[in-house]
Amino acid sequence: MADRTEAVGAPSANGELVFEEPWQGRVLSMAVCLSDCGAFAWDDFRARLIGAVDARPDEPYYVQFLAALEETLLQTGLIEQADIADRVQTLAQAPHEH
């Protein structure tokens, strides 16, 4: 995973990835796993991530990363916009520690 995270500029310190919240590590791992399974090409995702970083320079890195992953999954047809909205609503209603 190190080669991929370096290529997309993931925050790191002393050679280790840095996550401020658990969801950030999960979304990165999910992207790597989906790419490894052939759901999408990593280079396509990386291009979308670069676009997200350029379009949202003031947003935190993993917000940009999640936006690029959502766009990639939408473009590949693995999810639909309604799926994202439903999941966001479900998570918003979940207990904080969930």
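Residues numbered from 1 in each chain as written. Predicted model: local features only at pLDDT ≥ 70, side-chain atom pairs only at ≥ 80, totals over all residues. Heavy atoms only, no water.

A. Seen up close, the nonpolar core. Counting 16 residues, the largest nonpolar core has Phe45, Tyr62, Phe65 and Leu69 as the members making the most contacts within it. Residue assignment for this core shows that the elements contributing at least two residues are helix H2 (22-36), helix H3 (42-55) and helix H4 (61-76). Ranked by the residues each element gives to this core, the list is headed by H4, at six residues. Those residues in contact with Tyr62 that sit more than four places away from it in its chain are Ala10, Pro11, Val18, Phe19, Trp23, Gln24, Val27 and Leu28. (Core = buried A, V, L, I, M, F, W, Y, C linked by side-chain atoms within 4.5 Å. Buried < 20%, exposed > 50% of the residue type's maximum accessible area, 1.4 Å probe, protein only. Helix = DSSP H or I, 4+ residues; strand = E, 2+ residues; numbered from the N terminus. Contact = heavy atoms within 4.5 Å.)

B. Geometry of the pattern of salt bridges. Under the counting rule described, the total for this entry stands at three salt bridges. With its nearest N and O atoms 3.6 Å apart, the salt bridge here joins Arg48 to Glu71. One end of the pair, Arg48, is in helix H3; the other, Glu71, is in helix H4, and 23 residues separate them in sequence. With relative accessibility at 21%, the residue Arg48 sits in the partly exposed group. Classification of Glu71 by relative accessible area gives partly exposed; the value is 39%. The salt bridge involving Glu59 is made with Arg56; its shortest N-O contact spans 3.9 Å. Taking the relative accessible area as the measure of exposure, Glu59 reaches 34% and is therefore partly exposed. (Salt bridge = Lys/Arg side-chain N within 4 Å of Asp/Glu carboxyl O.)

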